[in-house]
Amino acid sequence: MPINAKVRNRVDLSLIPIQNVERIEVVKGPQSTLYGSDAIAGVIHIITKTPKKTEWAVSSRGGTTGQQRHNFSYALASGKWSGLFSYERRTSDGVDLHPGDPAIDFPDFRKQNYFGKIRYSFAPGHSLTYRGEFFTNRSEIFLWNEARKVKTSWFFWDRRSGHEVTYERIGSDGRTFRLFGYISPFYHSFTEVRPPRPPARSDIRDRYVRLEAQYDYPLSDEHLLTLGADWIKDKYTSDRISPRTQDIEMNEFYLQGQWKIHRMWETVYGVRFTEHSRFGSEWTPRIGVVNYWTDRFRTKVLVGKGFRAPEITELFQDFLIPTGPTTAIRILGNPDLLPETSRNAQLTLEFGPYKRSFFRLNGFLNRVNDLILFVPRDDPSTPNVEEWRYENIQAGR
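Worth saying up front: this structure is predicted, and the values here are computed from it rather than measured. (Residues numbered from 1 in each chain as written. Predicted model: local features only at pLDDT ≥ 70, side-chain atom pairs only at ≥ 80, totals over all residues. Heavy atoms only, no water.)

**Q** Which residues make up the overall build of the protein chain, and what values go with them?
**A** A tally of regular secondary structure across the protein chain gives two helices and 20 strands. Accessible area for the protein chain stands at about 21,900 Å²; split by element, carbon and sulfur atoms hold 58% of it. (Helix = DSSP H or I, 4+ residues; strand = E, 2+ residues; numbered from the N terminus. Areas by Shrake-Rupley, 256 points an atom, 1.4 Å probe, with all protein chains shown as cover.)

Laid out in structure tokens, this is it:
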């Protein structure tokens, strides 16, 4: 499930219950060829468990300031069916590390997360998998004005769900076909209560849809070719962007190969073509070579290119956050932003395995052009209003 389907430029890893994780793989360098345009500097691949037997687990723990965490999970494996279901609830009353400060340091929250995964192997080599999640979060931040004896509160409500369906066919000849569909609606509500003013409310609605097809074709025992295509659409509606509704659409095609040319040489190569509805087309190639000098000494060289288009919020965000009776912070998008591009080089030396040890030396360089950062403006347009805006920085490492 692609958790880079994000809103407000953040990813919430708490949406993945830790009891459902089998392993985590970290891949460095631009991986746009296989994983899409957001993989500009690397990929964290979180693989969820596939149950082998029926079992269940319950855990509960608590602490001071109302901190509680309760988990329940149930795994099922029976014939052609397997499933994994979990529920998690987390609560906190908030933490105030500086009692003399009118603002609380860590706000209270009430989070609930439901997760489910069902797999049906209806024929040899054929399977259908559904993954679903539902997440809610409620939290409050408040500011006490001692001079005016007024409490200002900000209430947040998040609701997000994700639904993924995957069909997979694995042939006896090594050919594999996957068809993948994913939809993730998101709702965020923000309410400000500042007496004696009436409550002020704003909403965010986002819908992310993705379709992908991938085909693995072994050209020989030593050469595997992967072909694929993606279609992505993200629609965002909020009174915090201008105009109120914006959308982005992308069409992508990719190719990647793994080829053991010789017993001492192996190469990985690939390229992805991205057609973006706002930023045109972009090619992101990648090539790597592995040399097996001896049974215990290997070198890896990788060079590649990455591409990331600005998010809708980075382009069109525009809203005020009051900080006092006459002061505020204004958050601004920038419709003139350019996409980030990166160039990467990596050199790895590996020694081993020895009886009880394995050594690896890794050199890594990632240069990002037109890096997008959130920075304060030197010339705000309104008195007493501090303005922050997304800007391209010439280069970053």
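Next, the rest of the story.
**Q** An account of the packing of aromatic side chains is needed here, citing residue identities and associated values.
**A** Throughout the structure, instances matching the rule amount to 16 aromatic pairs. Ring centres 6.4 Å apart and planes at 25° place the aromatic pair Phe122 and Tyr167 in the stacked group. With Phe122 in strand β6 (residues 108-123) and Tyr167 in strand β8 (residues 150-170), the pair connects residues that are 45 residues apart, well separated along the chain. By relative accessible area, which is 33% here, Phe122 ends up partly exposed. Counting every residue linked through ring pairs, the aromatic cluster contains Trp81, Tyr120, Phe122, Tyr167 and Phe177. The ring centre of Phe190 lies 4.6 Å from the NZ or CZ of Arg240, which sits over that ring. The cationic tip of Lys260 hangs over the ring face of Tyr292; the distance from NZ or CZ to the ring centre is 5.5 Å. (Phe/Tyr/Trp six-rings, centres within 6.5 Å; stacked < 30°, edge-to-face > 60°. Buried < 20%, exposed > 50% of the residue type's maximum accessible area, 1.4 Å probe, protein only. Lys NZ or Arg CZ within 6 Å of the ring centre and 35° of its normal.)

**Q** Tell me what's going on with the pattern of salt bridges, and back it up with residues and numbers.
**A** Proximity of charged atoms lets side chains of opposite charge pair with each other. Counted by the stated rule, this structure contains 25 salt bridges. The closest approach of N and O atoms between Arg138 and Asp108, which form a salt bridge, is 3.5 Å. Of this pair, Arg138 sits in strand β7 (residues 126-145) while Asp108 sits in strand β6, and the two are 30 residues apart along the sequence. A relative accessible area of 31% means that Arg138 is categorised as partly exposed. Assessed through its relative accessible area of 12%, Asp108 is described here as buried. (Salt bridge = Lys/Arg side-chain N within 4 Å of Asp/Glu carboxyl O.)

**Q** Describe the environment of Ala75, naming the residues involved and giving the relevant values.
**A** Along the polypeptide, Ala75 turns up in strand β4 (residues 68-78). The buried category is assigned to Ala75, whose relative accessible area is 7%. Taking the C-alpha atoms as reference points, Ala75 and Thr54, separated by 21 residues in sequence, lie 5.2 Å from one another. Residues within four places of Ala75 in sequence aside, it is in contact with Pro51, Lys53, Thr54, Glu55, Gly83 and Leu84. (Contact = heavy atoms within 4.5 Å.)

**Q** Which residues make up the nonpolar core, and what values do they have?
**A** By size, the foremost hydrophobic cluster in this structure holds 10 residues: Ile204, Tyr236, Ile241, Ile248, Ile312, Leu315, Phe316, Leu337, Ile372 and Tyr390. Looking at which element gives the most residues to this core, the answer is helix α2 (residues 312-316), with three residues. What Leu315 contacts, discounting residues up to four positions off in sequence, is Arg278, Phe279, Pro310, Gly333, Asn334, Pro335 and Leu337. (Core = buried A, V, L, I, M, F, W, Y, C linked by side-chain atoms within 4.5 Å.)

**Q** Quick rundown of the environment of Gly333? Include the residues and the values.
**A** Position of Gly333 among the secondary structure elements: in the loop between β17 (328-332) and β18 (340-351). Residue class for Gly333 comes out buried when judged on its relative accessible area of 9%. Spatially, the C-alpha atom of Gly333 lies 5.7 Å from that of Arg389, the residues being 56 residues apart in sequence. Ignoring any residue separated from it by four or fewer positions in sequence, one finds Gly333 in contact with Thr313, Glu314, Leu315, Phe316, Gln317, Arg389 and Tyr390.

**Q** Could you give an account of a nonpolar patch on the surface, with specific residues and numbers?
**A** On the surface, a nonpolar cluster with roughly 1,000 Å² of combined accessible area is contributed by Trp56, Val58, Phe72, Tyr74, Trp81, Phe85, Ile118, Phe122, Leu128, Tyr130 and Val165. Sorting the residues of the nonpolar patch by element identifies β3 (55-62), β4, β5 (81-92), β6 and β7 as the ones contributing at least two each. With respect to the helices and strands, Leu128 occurs in strand β7. (Patch = residues over 30% accessible without salt bridge, like charges linked within 9 Å, V, L, I, M, F, W, Y side chains within 5 Å.)

Scope: geometric values only; no functional claims are made or implied.
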